[in-house]
Amino acid sequence: MKHLLGVIGQPRAMLEELLQLSDSFAEVNARAIPKVPALRGRTVATLFFEDSTRTRLSFETAAKRLSADTLSFSVSSSSVKKGETLRDTALTLQAMRIDAIVVRHASSGAPWQLARWLDCSVINAGDGWHEHPTQALLDCYTLRRHFGSLDGLRIAIVGDIKHSRVARSDVWAFTALGAEVTLVAPRTLLPPSLEGWPVQVSEDLDRVLGSSDVVYLLRMQRERQHEALVPSLREYTARFGLTRDRAERLADRAVVLHPGPMNRGVEIAPEVADLDRCLVLDQVANGVTVRMAVLYKLLAGSAADPHDAVGDEAWGPIRSGGSDG
Amino acid sequence: MAATPDESRTGPPTPPDGGVFSAPTQVMDAGDVSRALRRMAHEITERNHGVERVVLVGLVTGGVVLAEELAARLAEIEPAAPPVGRLDVSFYRDDIALRRVMPHAVTDIPVELTGRVVVLVDDVLFTGRTVRAALDALNDHGRPKAVQLAVLVDRGHRELPIRPDFVGKNLPTSREEDVRAGLDGVQLRRRTTGVAGDRGAVTGSEAR
């Protein structure tokens, strides 16, 4: 595995391997000194053409905890302002012998294009409305740690599905791991076609609420307001917000997720955001953990996967727990 | 990065050049292993004047069950069994850049190590590189009063100045041989065709 571009179409085994690998890094993060020398001498560059604080900080923290060096490239203070193309910017970084580029770009597909141009690893940190694979992994990891498994979980994703790369990646990761997903949104905030999406759709949050194990709230993007997709934020809150009243009707074991940043008072009531069942801060912590797993998986070594190693069966009939395979 | 012949710590591979291994020969059976572990348990408690301050830490994967077994033996001769942990040293290996090293289990150190005597337990001591990685890893978990090393088999060919404190069996081997050691016995097999390798030096694999 050289790049992490998307989760759509990825096999369950690949997702599960990354989640399992994350357990080892959760142990590292729980230590007094949360740092291992695993990626010493490797360099990771973050190349963000869109604003982000948590994703960039999360990747940089993950890289530093693996002892990799980090470079941070933000468009506002770079030659992009002078008209440099994406390709030239990326080739410049590569010429500095960067091992991995973490890229966020407003254009869907930009990370795929970079992966074609570059020899180093490319990690998609969000491209347009398309994909945000590490967000999907950290959401899956958070749910796996909380519930043990995603198999059979009923997950409602609520909000602006149409403009959400988080929703696209999450739908595929959640369902690949065995969960059932229901999208809850006004029709104006759904993609024009849901053909091929393994989901159910509802326009009534109150009907879905009581039977959901997970309510995943998307950020209501205020900057979309001028498109007049909803009559007003107040009306959106009234129909699709997780108000205090709705929070009381959640199932006992239900949890609330949100990719951040939260608009308190719009998609989630301020007091609901502070409930124990709201796992937003777990998501942030787990974000560092799964990004460590992704960086390690992409950058540690270059040979084939050790699980391909053969020859165990060539040993004699006695099998021991001492060298368990 | 050039691809190197891959070798998993947990699965002895076919020789990288495509040779084959001979049928394995039995060096110790389960009874021999049991007797060796009993002796090692006595040596551990003798050396440390009891096991009050001792923590057994098995190296993933082969050392984990051996550490548990040693703890069980110590419980028979001491008032209480020492705590048992496990350590996966993947992130500390010196060959991460050469081959893909994936962790096989989550490290679990159940007690504060500072001031304790840590007995590292592994199945086979070979180049010493796993033990070196383990010493680095332990550093990140505290500052033990002392670290000792217990291995079921010492097969020689050290590449670092490391020696074991407690040994089940000294087993002279050549580099072309593989050793597998567990509670059910110890086996040795030899490469019968293919060129002589320096897999120990290249991969730093400790167990084989």
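Look up a bit, the structure's there.
This structure is a prediction, so every number in the text was calculated from the model and none was measured.

J.: Help me understand the packing of aromatic side chains, please; the structure alone is not making it clear to me.
T.: How two aromatic rings sit relative to each other is set out by the distance from centre to centre and by the angle between their planes. For the coordinates displayed, the defined rule picks out six aromatic pairs over all chains. Connected via pairs of aromatic rings, a cluster forms that spans F25 and Y296 of chain A together with F91 of chain B. The ring of F59 of chain A is capped by R291 of chain A, whose NZ or CZ atom sits 4.9 Å from the centre of that ring.

J.: What should I look at first to understand the side chain of H105 of chain A in this one?
T.: Residues and elements named next belong to chain A. Within the secondary structure, H105 is located in strand β3 (residues 100–105). A polar side-chain atom of H105 sits 3.0 Å from the main-chain amide nitrogen of S107. Apart from residues lying up to four places away in sequence, H105 is in contact with F49, E50, L86, A110, G126, D127, G128 and R165.

J.: Looking at this structure, how should I read helix α1 (residues 30–47) of chain B?
T.: All names here are of chain B. Taking 1.5 Å as the rise per residue, α1 with 18 residues should run 26 Å; its terminal C-alpha atoms sit 26 Å apart, in good agreement. Within the span of α1, buried status applies to V33, A36, L37, M40, A41, I44 and T45. Seen from one end, α1 has its buried residues packed into an arc of 165°, which puts them on one side. Among the residues of α1, the N-terminal cap falls to D29, whose side-chain oxygen and the backbone nitrogen of G31 are separated by 3.0 Å. Count one or two residues on from α1 and you reach H49, which has phi positive near 55°.

J.: Would you mind showing me how to read the sheet that holds strand β2 (residues 69–74) of chain A here?
T.: Picture the strands of a sheet paired through backbone hydrogen bonds; they go either parallel or antiparallel. Residue and element names in this part refer to chain A. Reading across from one edge, β2-β1-β3-β4 is the order of the four strands in this open sheet, with parallel pairing throughout. One side of each edge strand has no neighbouring strand; the edge strands of this open sheet are β2 and β4 (121–127). Sheet twist, expressed as the mean angle between neighbouring strand axes with direction ignored, is 15°. Across five bridges, strand β1 (residues 43–48) lies against β3 in parallel orientation. Paired with F48 across the bridge in β3 is R104.

Rules of the game
- Residues numbered from 1 in each chain as written.
- Chains lettered and ligands numbered in written order.
- Predicted model: local features only at pLDDT ≥ 70, side-chain atom pairs only at ≥ 80, totals over all residues.
- Heavy atoms only, no water.
- Phe/Tyr/Trp six-rings, centres within 6.5 Å; stacked < 30°, edge-to-face > 60°.
- Lys NZ or Arg CZ within 6 Å of the ring centre and 35° of its normal.
- Helix = DSSP H or I, 4+ residues; strand = E, 2+ residues; numbered from the N terminus.
- Polar contact = N/O pair within 3.5 Å; in protein donor to acceptor, adjacent residues only side chain to side chain.
- Contact = heavy atoms within 4.5 Å.
- Expected span 1.5 Å × (residues − 1).
- Buried < 20%, exposed > 50% of the residue type's maximum accessible area, 1.4 Å probe, protein only.
- Arc of directions from axis to C-beta.
- Pairing = 2+ DSSP bridges.
- Axes fitted to C-alpha atoms, helices over the stretch in contact; angles between N-to-C directions.

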